[in-house]
Amino acid sequence: MAAIKFSAKQISEIDKSSTQCAVLPLFSDRKLSKQARALDKITAKGIQRALDLGDFSGKSGQTLLLTGSGKIKRVLLLGCGDPDKFERKGMRAFASTLYEACKKLSATEATLHMQGLKLKAADQTWFLSYLARHLVCANYRYTETLSKPRPASKLARLVVNVGDTQPVAAANRALKEGSLTGQGMNEARELANLPGNICTPTYLASQARSLGRKHKKLSVSVLDEKKMSELGMHSLLSVAAGSKQPARLIIMNYRGTKASARPYVLVGKGITFDSGGISLKPGAKMDEMKFDMGGAASVFGALSAAVEMNLPLNIIGVVAAAENMPSGTATKPGDVIQSMSGKTIEVLNTDAEGRLVLCDALTYSRRFKPAAIIDIATLTGACIVALGSHASGLLANDDDLARELLDAGQESHDRAWQLPLWDDYQKQLNSNFADMANIGSAGAGTITAACFLARFTEDMRWAHLDIAGSAWNSAPKGATGRPVALLLRYLQDRAEG
Ligand code: BES
Ligand code: MN
Ligand code: ZN
C-alpha cells in the first residue's frame, strides 16, 4: 500500500524552497499572513484575486487550487473557517479536506505551511499527530481479494513547514506517532476486512508468528486445542466445537522495559466468523459477522504500533480465536460446560459466544499479574442500540482505569462511554443448572455481558470495551480500526507516567 512519509521543516523563505504543491490554510477573516503574501506573489496575485472575486472565502471545507510559478508548481488554498473557532473539530475537518483535495492532484509531494494556523501550544502536536494519522488511514485501500482496487492518493510525501511555531524535533515526533497510529489502525482494518474463509484462527496465529519474527522484543506463542483442553479451557473450546476450524489462543509478549514491571494486557475477541451456532443468526447482514474478530484485530494493530513506537512498557496481547458454527458436534442450548476457572456455565444461547471465549482468555491472563487488563470485543448488539457507532461501550471494575480509558478516548477522538457495572445486574445471570448462564434475562444486554466477564476478573484491574458499534461501518462496509487509537493513547500515557 502507498505509504505517506512525513517530515517537519523550518522554511523561512517560502519562494526559495521547491514543492509540487504548497498548501496554505486561510481563515474566513481573509487576512493574509507573511507566508500567504509570499505565495500570492508566486500565483501572480491569484490568492488576493480569488478573495476579491469571492471564489474563495476561507470557510471550512473549501479548497481552491491555483497554478504556481518558479519552484512552487501549485498553491492549494484550504479554508479553515472562523479563526476564533478553529479547534480540534476544525482541525479534523482540515485533515479530511486536505486528503480529499490531494486525492485529485497528480502531485506526489506537498508542503503544508502551518504558521498561519495559530494553534495553542497544546494543540500543535495534537494537530500534527492527528493529521498524519488521518492521512495514513484515509489512504488505506482493501486490495487483497479485488482484481481492480480503488486508486489511493498519489501523495507519497508531506512536508510540514512549522516555521517558528514549535521545534522541528517535537513536530517530527508528533508526525511519527500519528503515522504509526494510523498504520496500527490500518493493520487492524486489514485483518478485520479479510473474509472469514481467509482470516481463520489459524491465519491469525500465523500473522502473530510473523509479527514475532519481525520484532526482537516480541515473543509469540500459540496454544492449540490439545493444550487448551489440558488447561481446562472448555468454555473457549465449546465455541469451536461445531467448526472444522480449530481454535487458537494467541499470546504476544512485548518486553519494552524491565522484566519486573507488571504488564498491560490486551485481550481480544477473535471470532473469525459468528454464525450464531445452533442459535443461528438471521441471514440479513450475516456476512458482517466476519468482523467479529475486530477486538482481536485491534490487539494486533495496537500492539504492533506500540512495538514500533518502542514504548517503555511491557505489553501482552492475548487473542481468543475461534469460529462459531452449527453442526452435529456443535454446543447446544442447555449444554453445561466448565470454564478454566472451574466455574460452570449453562449455554442458553450459542450466539452469546464472545464471553465464552473471553472468560477463559481472561482466566489464563491472571498468570501475567497485569498492571491492568483490558478486553476488546464486538460483544453485544445491545451496545449498538445503546450507543450507536460513535462511542465504544466501556465497563470496568476500577474507576481510575475507567477514567484513564475515557480520557484516552477523548484525546484520540476514539471515544468511549461508560455504562454501570453494578452488582444489581449480576442476578440476571442466575441459572438453575450451572454457576451462571451465558445470557442475562431481559434488559441491559451490554451490562449483563460485562457482568459475566467480571466474574472472571475479580482480583485484577479490568476494563471491557464493547466495540460492536464502533469496529466497522455497514455503508460502505469496512472495518474502522477502532479502538486502536484509544488503546495507543492509553498506553502512551502510561509510558509518559
Ligand atoms: N458478535 C455478536 C454481537 C454483535 C451483533 C456485534 C451485531 C455487532 C453486530 C455476539 O456474539 C452476539 O451474537 N451477541 C448476542 C448476545 C445475545 C444472544 C445475548 C446479541 O447481541 O444478540
Ligand atoms: Mn454471537
Ligand atoms: Zn459474536
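Keep in mind that what you see is a predicted model, and the values were worked out from it rather than measured.

> Quick question: what am I supposed to make of the site of ligand 1 here?
The immediate surroundings of ligand 1 are formed by 17 residues, with Lys-281, Asp-292, Asp-351, Glu-353 and Gly-381 found nearest. At a separation of 2.8 Å, an oxygen atom of ligand 1 approaches a polar side-chain atom of Lys-281. With the chains in place, 78% of the 510 Å² that ligand 1 exposes on its own is no longer accessible. Elements that contribute at least two residues to the shell around ligand 1 include exactly strand S9 (264-274) and helix H11 (381-387).

> Explain the sheet that holds strand S1 (residues 5-9) to me, please; I cannot follow it from the model alone.
Across a sheet, paired strands are connected by hydrogen bonds in the backbone, their directions being either parallel or antiparallel. The strand order across the open sheet built from six strands is S1-S6-S5-S2-S4-S3, with neighbouring strands paired in mixed fashion. Each edge of the sheet is formed by a strand with only one pairing partner; in this case those strands are S1 and strand S3 (63-69). Neighbour-to-neighbour, the strand axes of this sheet turn through a mean angle of 25°, independent of strand direction. In terms of strand pairing, strand S2 (residues 22-26) meets strand S5 (residues 109-113) through two bridges, oriented parallel. The residue bridging Val-23 from the neighbouring strand is Leu-112, located in S5. Packing against the sheet, helix H3 (residues 88-103) makes contact with S2, S3, strand S4 (72-79) and S5, and its axis sits at approximately 140° to S4.

> Whenever I open this one, the coordination of the zinc ion (ligand 3) confuses me. Can you help?
Octahedral metal centres with six donors ideally show angles of 90 or 180 degrees, and tetrahedral centres with four donors ideally show 109.5 degrees. Distances from the zinc ion (ligand 3) to its protein donors, Lys-269 (NZ), Asp-274 (OD), Asp-292 (OD) and Glu-353 (OE), fall within 2.0 to 2.4 Å. In this structure, the zinc ion (ligand 3) is surrounded by six donor atoms whose angles at the metal cover 79 to 175°, and the resulting shape is octahedral. Each donor residue of the zinc ion (ligand 3) lies on the same chain, and together they follow the pattern K-x4-D-x17-D-x60-E. Between the zinc ion (ligand 3) and the manganese ion (ligand 2) the interatomic distance comes to 3.2 Å, and Asp-274 is a ligand of both metals. Within this pair, whereas Lys-269 is found in strand S9, its partner Glu-353 is found in the loop between strand S12 (344-346) and helix H10 (354-365), the two being separated by 84 residues in sequence. The exposure class assigned to Lys-269 is buried, which follows from its relative accessible area of 2%. Residue classification places Glu-353 among the buried positions, given a relative accessible area of 1%.

> Teacher, can you tell me more about the domain arrangement of the chain here?
Quite often, the size of an interface is put as the accessible area lost when its parts meet. By the assigned domains, the chain splits into domain 1 (5-163) and domain 2 (186-496). The straight-line distance from the C-alpha centre of domain 1 to that of domain 2 is 39 Å. Between domain 1 and domain 2, the contact holds ten residues from the first and eleven residues from the second. For the pair domain 1 and domain 2, the two sides together bury roughly 990 Å², of which 48% comes from carbon and sulfur. The three residues of domain 1 that bury the most area against domain 2 are Arg-133, Tyr-140 and Tyr-142, which together make up 49% of that side's buried surface. Remark: the boundary between domain 1 and domain 2 carries one salt bridge. Our count for the domain 1 to domain 2 interface comes out at eight residue pairs in polar contact (both at pLDDT 80 or more).

> I'm lost on the packing of helix H5 (residues 168-193) against helix H9 (residues 294-308) in this one. Help?
Helix packing geometry: the angle between the two helix axes and the distance between the axes. Contact pair H5 / H9: the axes reach a minimum separation of 8 Å and the direction vectors enclose 150°. As far as their axial angle goes, H9 and H5 are roughly antiparallel. Pair H5 / H9 crosses with right-handed handedness. Of the residues in H9, those in contact with Leu-180, Gly-184, Glu-187, Ala-188, Leu-191 and Ala-192 of H5 are Ala-297, Ser-298, Phe-300, Gly-301, Ser-304, Ala-305 and Glu-308. Of the residues belonging to the contact of H5 with H9, the class tally is seven nonpolar, four polar and two charged.

> What is the right way to read the environment of Thr-446 from this model?
Its location among the elements puts Thr-446 in helix H13 (residues 445-454). Classification of Thr-446 as buried rests on a relative accessible area of 4%. Sequence separation between Thr-446 and Asp-123 is 323 residues; the distance between their C-alpha atoms is 35 Å. For Thr-446, the residues in contact, after removing those within four places along its chain, are Thr-380, Ala-382, Cys-383, Leu-395, Leu-419 and Asp-466.

> Is there a simple way to explain the nonpolar core in this structure?
Generally speaking, nonpolar side chains in soluble globular proteins are found buried as a group. In terms of nonpolar packing, the biggest core is built from 65 residues, with Leu-204, Met-252, Leu-266, Val-319, Leu-465, Tyr-490 and Leu-491 touching the most fellow members. Looking at this core element by element, the count peaks at nine residues for H9. In this structure, Val-319 is in contact with Leu-204, Arg-248, Leu-249, Ile-250, Met-252, Gly-268, Ala-296, Val-299 and Phe-300, ignoring residues within four places of it in sequence. Counting 48 residues, the second largest nonpolar core, distinct from the first, contains Leu-223, Leu-237, Met-340 and Val-347.

> When you look at the coordination of the manganese ion (ligand 2) in this model, what are you seeing that I'm missing?
The protein atoms that coordinate the manganese ion (ligand 2) are Asp-274 (OD), Asp-351 (O), Asp-351 (OD) and Glu-353 (OE), at distances spanning 2.0 to 2.2 Å. Taken together, the six donor atoms surrounding the manganese ion (ligand 2) define angles of 71 to 167° at the centre, an arrangement classified as irregular. The sequence motif formed by the donor residues of the manganese ion (ligand 2) is D-x76-D-x1-E. On the basis of relative accessible area, Asp-274 is assigned to the buried category, the value being 3%. Its relative accessible area of 22% is what places Asp-351 among the partly exposed residues.

> Just checking my understanding: could you explain the pairing of S4 for this structure?
Burial analysis of S4 places six of its eight residues in the buried class, which makes it a mostly covered element. In this sheet, S4 lies alongside S2 in parallel orientation, the contact comprising five bridges. Among the inter-strand pairings, Ala-22 is bridged to a residue of S4, identified as Val-75. Relative to S4, S3 runs antiparallel, the two being bridged by six bridges. Looking at the pairing, Thr-63 lines up with Leu-78 of S4. Where S3 folds back onto S4 in an antiparallel hairpin, the turn is made up of two residues, including Gly-70, whose phi is positive at roughly 60°.

How each quantity is defined
Residues numbered from 1 in each chain as written. Chains lettered and ligands numbered in written order. Predicted model: local features only at pLDDT ≥ 70, side-chain atom pairs only at ≥ 80, totals over all residues. Heavy atoms only, no water. Near = heavy atom within 4 Å. Polar contact = N/O pair within 3.5 Å; in protein donor to acceptor, adjacent residues only side chain to side chain. Areas by Shrake-Rupley, 256 points an atom, 1.4 Å probe, with all protein chains shown as cover. Helix = DSSP H or I, 4+ residues; strand = E, 2+ residues; numbered from the N terminus. Pairing = 2+ DSSP bridges. Axes fitted to C-alpha atoms, helices over the stretch in contact; angles between N-to-C directions. Contact = heavy atoms within 4.5 Å. Donors = N, O, S within 2.8 Å, 3.2 Å for Na, K, Ca; no water. Tetrahedral: all angles 85-135°; square planar, octahedral: opposite > 155°, others 65-115°. Buried < 20%, exposed > 50% of the residue type's maximum accessible area, 1.4 Å probe, protein only. Domains from an automatic or database assignment. Buried area = accessible area lost by both parts, 1.4 Å probe. Salt bridge = Lys/Arg side-chain N within 4 Å of Asp/Glu carboxyl O. Parallel < 35°, antiparallel > 145°, perpendicular 65-115°, else oblique. Left-handed = near helix turned anticlockwise from the far one by under 90°. Nonpolar A, V, L, I, M, F, W, Y, C, P; charged D, E, K, R; others polar. Core = buried A, V, L, I, M, F, W, Y, C linked by side-chain atoms within 4.5 Å.

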